[in-house]
Amino acid sequence: MDVEKKDFIYEGKAKRMFTTENPELIVVEYKDSFTAFNGMKKETMEGKGELNNKICSKLFEYLASKDIESHFVRQLDNVHQLVKRVKIIPLEVIVRNITTGSLCKRIGVKEGIVLSRPLIEFSYKDDELGDPLIIEDYAVQFGWATEEEITKIKDISFRVNKTLKEFFAKRGVTLVDFKLEFGKDSAGKIILADEVSPDTCRFWDSSTGDHLDKDRFRKDLGTVLDAYREIWKRISE
Ligand code: 5GP
């Protein structure tokens, strides 16, 4: 790795962050840990960090090639990425193309309905509260983002959806839904942050319907890392 990690900043469920010589840049280290249900279920699997780092680096590079800016600067080695320092906006933005997961649990709609247009939801990023679903106006009223920023976030989220949906469709994978996080860079610009990976997206094999994402871990379906490897194989060919 040609960039030195300086001070430890923060450890999340799947990643660790370190400062670098440059105050605007941060090193992200992808851990081998799986967590679900707000950290209640945990497991370590060797090689998971490397797979997520490779998949996420590839996806951020692809999004950049389609003019969708993120905090990603470059992949440093198997488990490290160099990213821009941003101030994270405490929102989880969820885009859905097909009904499943918490949406079905919450309102009782059937699983697997293909939505006529993508659905967007916001959650307040707070582990203690379990990332509750919120309405847009909460974000504005409580100062998490301005109306303009919300409009920008929605626009980027729909562009990410369109871009990745087409990218994965060509590779025999259906992009069912995903979660994004955004940050503000030193100039105050809103950019995509965190990660885009099988931890944060639902991927279904377009012909078999097999789940190729973290739902295999959440639902104890087994062969979790094989699914992540399959995603890497399809996007790296
Ligand atoms: P759901 O709300 O149905 O549980 O999740 C919708 C989508 O957002 C899924 O692709 C899921 O992986 C992602 N997602 C939602 N919340 C989180 C979270 O706290 N962490 C991660 N890694 N993904 C999430």
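As shown above, the structure is provided for reference.
Note that the coordinates shown come from a computational prediction; the quantities given were computed from them, not determined experimentally. (Residues numbered from 1 in each chain as written. Predicted model: local features only at pLDDT ≥ 70, side-chain atom pairs only at ≥ 80, totals over all residues. Heavy atoms only, no water.)

Participant: What is the right way to look at the pattern of salt bridges in this model?
Facilitator: Side chains that carry opposite charge are capable of pairing whenever their charged atoms lie near each other. Counted by the stated rule, this structure contains 29 salt bridges. With a shortest N-O distance of 3.3 Å, Asp 2 and Arg 74 are connected by a salt bridge. A residue pair is termed long-range when its members are at least 10 positions apart, and Asp 2 in the segment before strand 1 (8-11) and Arg 74 in strand 6 (residues 72-75) qualify at 72 residues. The class for Asp 2 is exposed, based on a relative accessible area of 61%. Between Lys 179 and Asp 194 there is a salt bridge, with the nearest N and O atoms lying 3.2 Å from each other. With a gap of 15 residues between them, Lys 179 in strand 12 (residues 173-184) and Asp 194 in the loop between strand 13 (190-193) and strand 14 (201-205) connect regions that are remote in the sequence. (Salt bridge = Lys/Arg side-chain N within 4 Å of Asp/Glu carboxyl O. Helix = DSSP H or I, 4+ residues; strand = E, 2+ residues; numbered from the N terminus. Buried < 20%, exposed > 50% of the residue type's maximum accessible area, 1.4 Å probe, protein only.)

Participant: Teacher, can you tell me more about helix 4 (residues 147-169) here?
Facilitator: An α-helical turn contains 3.6 residues, so any two residues separated by three or four positions project in the same direction. When the terminal C-alpha atoms of helix 4 are compared, their 33 Å separation across 23 residues agrees well with the 33 Å that a helix rising 1.5 Å per residue should span. Looking only at helix 4, the buried set comprises Glu 149, Ile 150, Ile 153, Ile 156, Ser 157, Val 160, Asn 161, Thr 163, Leu 164, Phe 167 and Phe 168. (Expected span 1.5 Å × (residues − 1).)

Participant: What am I meant to see in the side chain of Asn 52 here?
Facilitator: Within the secondary structure, Asn 52 is located in helix 1 (residues 48-65). With residues near it in sequence (within four places) discarded, Asn 52 still touches Tyr 30, Glu 195, Ser 197, Pro 198, Asp 199 and Tyr 228. (Contact = heavy atoms within 4.5 Å.)

Participant: What exactly am I supposed to notice about the packing of aromatic side chains here?
Facilitator: A complete count under the given rule lists 10 aromatic pairs for this structure. Consider the rings of Phe 34 and Phe 217, whose centres lie 5.1 Å apart with planes at 25°: the pair is stacked. Of the two residues, Phe 34 is situated in strand 4 (residues 33-36) and Phe 217 in helix 5 (residues 215-218); the sequence distance between them amounts to 183 residues. Judged by relative accessible area, which is 0%, Phe 34 ranks as buried. (Phe/Tyr/Trp six-rings, centres within 6.5 Å; stacked < 30°, edge-to-face > 60°.)

Participant: Even after reading the chapter, I still don't get the site of the ligand, so can you show me in this structure?
Facilitator: Among the 15 residues in the neighbourhood of the ligand, the closest are listed as Arg 96, Ser 102, Asp 177, Asp 199 and Arg 218. In the environment of the ligand, an oxygen atom lies 2.9 Å from a nitrogen or oxygen atom belonging to the side chain of Arg 96. Within the backbone of Thr 200, a nitrogen or oxygen atom sits 3.4 Å from an oxygen atom of the ligand. For the ligand, whose free accessible area comes to 490 Å², the fraction covered by protein is 80%. Breaking the shell around the ligand down by element, the ones donating at least two residues are strand 9 (91-98), helix 2 (101-107), strand 12 and strand 14. A per-class count over the shell around the ligand returns 3 nonpolar, 3 polar and 9 charged. (Near = heavy atom within 4 Å. Polar contact = N/O pair within 3.5 Å; in protein donor to acceptor, adjacent residues only side chain to side chain. Areas by Shrake-Rupley, 256 points an atom, 1.4 Å probe, with all protein chains shown as cover. Nonpolar A, V, L, I, M, F, W, Y, C, P; charged D, E, K, R; others polar.)

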